[in-house]
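Structural description and commentary
Below, each chain spelled out in residue letters.
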Amino acid sequence: MSTLQRDPRERVQILDESGRVREGAEVPDLSPDDLREMYEQMRLVRHFDERAVSLQRQGRMGTYPPLSGQEAAQIGSAHALDDEDWVFPSYREHGVGLVRGMSLERTLLYWMGHERGNAIPEDVNMFSVAVPIATQIPHATGAAWASKLKGEQKAFICYFGDGATSEGDFHEGLNFAGVFDTPTVFFCNNNQWAISVPRERQTASATLAQKARAYGFEGVQVDGMDPLAVYTVTREAVEKAKDPTAIEDDAMGYATRPTLIEAVQYRFGAHTTADDPSVYRDADEVDRWKQKDPIPRLESYLRSRGILDDERVDAIEERIHEQVGEAIEMAESTARPEPAEIFAHVYAGMPKRLRRQREYLETIRDRHGDDDLMEG
């Protein structure tokens, strides 16, 4: 494998929109069990997504960022990681979290306002959810640099959207990664819209992937709705990050460890449940992208290889409905957090201004009770 071997202006694709392997494309060496697991997890997070949106619409959850359309990018990339690798998510990586060991119940609890939902289990190498745009990018780069200095063989993947590429944190994180040659995989989910701002208003660059050249390392653009292509480019990036000695040194002096992956895809739903995409998106555009839906695309491929059949699909359908139903039941049976908990888990030592606000809240609560407090 040599650095900069892929042209960042050319999109990597293995499966076409009907699920057929493209001529000349190399299918990754994944077992039938691995492929079925990827398919089931994609179906699981799609069903979870539909139920979560429904919960929010019913007032049973505060807000929620849908992921439908991004299943291939999330599940495909997460499967390309090794156990020791680290994940730095944004706020939409519910599928990545599932693969890495975060339960659906925890994801629901987070969006229901429980800080417990943001508590990462000890055995899960995943950072907490980052809602501010792009702030996780320098964090991932710093963690990767520390790991490199310690002589570890770990990769650090950081997820963000196309809108994050317009933030200063994007430049700072990638520039640092190039200068210090950190083992970081920057995974950009280019879902065409940063809330209501279209991709073409983010940059004049032909692709987002080619921005990596300015920072001195490789950029790759991939069909983000093709799980096999996503797995392939992510796996290459992970291996490169952890074994730079195996890479031919480029004459121009490019960094060998970092990679920027631009996964071109589309979010079918709203940016969050507080958003109305019909105001800024054309229905025909959504319908065109739905023709590229990653789930029937992978299913078609697996059926053609005899890896899936009606019986297996029916069993998967039954399991995912049961699993999501159980997660919802467990999350909703958890006692709601106390209002005062909003002041906890923010600073190591609570500032005076927050202490005064908490005291004021407690005074109002003592006078009027919880009901009036929540209404106010």
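Residues numbered from 1 in each chain as written. Predicted model: local features only at pLDDT ≥ 70, side-chain atom pairs only at ≥ 80, totals over all residues. Heavy atoms only, no water.

Looking at an unreviewed UniProt entry, one finds the protein named Pyruvate dehydrogenase (Acetyl-transferring) E1 component subunit alpha, with Natrarchaeobaculum aegyptiacum as its source organism.

So, on to the packing of aromatic side chains. Tallied over the full model, the rule gives 12 aromatic pairs. Aromatic side chains Trp193 and Tyr280 sit 5.1 Å apart centroid to centroid with 50° between the ring planes, which places their arrangement in the tilted category. Of this pair, Trp193 sits in strand S5 (residues 193-194) while Tyr280 sits in the loop between strand S8 (259-264) and helix H9 (283-290), placing them 87 residues apart in sequence. A network of ring pairs unites the aromatic residues Trp145, Phe176 and Phe180 as a single cluster. Lying across the ring of Phe268, Lys290 places its NZ or CZ 5.8 Å from the centre. If you follow Lys292 out to its NZ or CZ, it ends over the ring of Trp289, 5.5 Å from the centre. (Phe/Tyr/Trp six-rings, centres within 6.5 Å; stacked < 30°, edge-to-face > 60°. Helix = DSSP H or I, 4+ residues; strand = E, 2+ residues; numbered from the N terminus. Lys NZ or Arg CZ within 6 Å of the ring centre and 35° of its normal.)

With six of its six residues buried, S8 lies for the most part within the structure. Every second residue of S8 is oriented toward a common face, with Thr259, Ile261 and Ala263 on one face and Leu260, Glu262 and Val264 on the other, all of them buried. Where strand S4 (residues 184-190) lies against S8, six bridges are found, and the strand directions are parallel. Counterpart to Asn190 in the pairing with S8 is Val264. As paired elements, strand S7 (residues 218-223) and S8 share six bridges and run parallel to each other. For Glu218, the partnering residue across the bridge sits in S8 and is Thr259. (Buried < 20%, exposed > 50% of the residue type's maximum accessible area, 1.4 Å probe, protein only. Pairing = 2+ DSSP bridges.)

By the element assignment, Glu71 lies in helix H2 (residues 71-79). Of the residues examined, Glu71 reaches a relative accessible area of 0% and is grouped as buried. Within the structure, Glu71 has its side chain in polar contact with the side chain of Arg46 (distance 2.5 Å). (Polar contact = N/O pair within 3.5 Å; in protein donor to acceptor, adjacent residues only side chain to side chain.)

It is worth spelling out the nonpolar core at this point. One finds Tyr39, Met61, Leu108, Phe187, Val222 and Leu302 to be the most contacted residues of the largest nonpolar core, which totals 65 residues. In terms of residue count, helix H1 (residues 32-57) provides more of this core than any other element does, nine residues in total. By size, the runner-up hydrophobic cluster in this structure holds 20 residues, among which are Ile137, Phe160, Phe170 and Leu174. (Core = buried A, V, L, I, M, F, W, Y, C linked by side-chain atoms within 4.5 Å.)

Within the secondary structure layout, Trp289 lies in helix H9. The exposure class assigned to Trp289 is buried, which follows from its relative accessible area of 16%. In the structure, Trp289 is positioned 24 residues away from Gln265 in sequence and 8.2 Å away in space, judged by C-alpha atoms.

A cluster of acidic residues, Glu311, Asp314, Glu318, Glu322, Glu326 and Glu329, forms a negative patch on the protein surface. If you trace the backbone, Glu311 turns up in helix H11 (residues 310-332). Among the residues examined, Glu311 registers a relative accessible area of 66% and is labelled exposed. (Patch = residues over 30% accessible without salt bridge, like charges linked within 9 Å, V, L, I, M, F, W, Y side chains within 5 Å. Areas by Shrake-Rupley, 256 points an atom, 1.4 Å probe, with all protein chains shown as cover. Salt bridge = Lys/Arg side-chain N within 4 Å of Asp/Glu carboxyl O. Lys, Arg positive; Asp, Glu negative; His and termini not counted. Charge placed at Lys NZ, Arg CZ, Asp CG, Glu CD.)

Okay, the pattern of salt bridges next. A side chain of one charge can pair with a side chain of the opposite charge if their charged atoms are brought near each other. The final tally for this structure, using the stated rule, is 23 salt bridges. Residues Glu218 and Lys240 are paired through a salt bridge, measuring 3.6 Å at the closest nitrogen-oxygen approach. Taken as a pair, Glu218 in strand S7 and Lys240 in helix H8 (residues 227-242) lie far apart in primary sequence, 22 residues in all. No difference in accessibility class separates Glu218 from Lys240, as the two residues are buried. A network of salt bridges, in which partner residues are shared, links Asp82, Glu84, Asp85, Arg235, Glu239 and Lys242.

What follows concerns helix H4 (residues 104-111). With seven of its eight residues buried, H4 lies for the most part within the structure. Those residues of H4 lying buried are Leu104, Glu105, Thr107, Leu108, Leu109, Tyr110 and Trp111. Buried residues belonging to H4 abut H1, helix H3 (94-100) and H11. Trailing H4 by a residue or two, Gly113 shows a phi angle of about 100°, which is positive. (Contact = heavy atoms within 4.5 Å.)

Moving on to the domain arrangement of the protein. Split by domain assignment, the protein resolves into domain 1 (32-333) and domain 2 (341-375). Centre-to-centre separation of domain 1 and domain 2, based on C-alpha positions: 35 Å. (Domains from an automatic or database assignment.)

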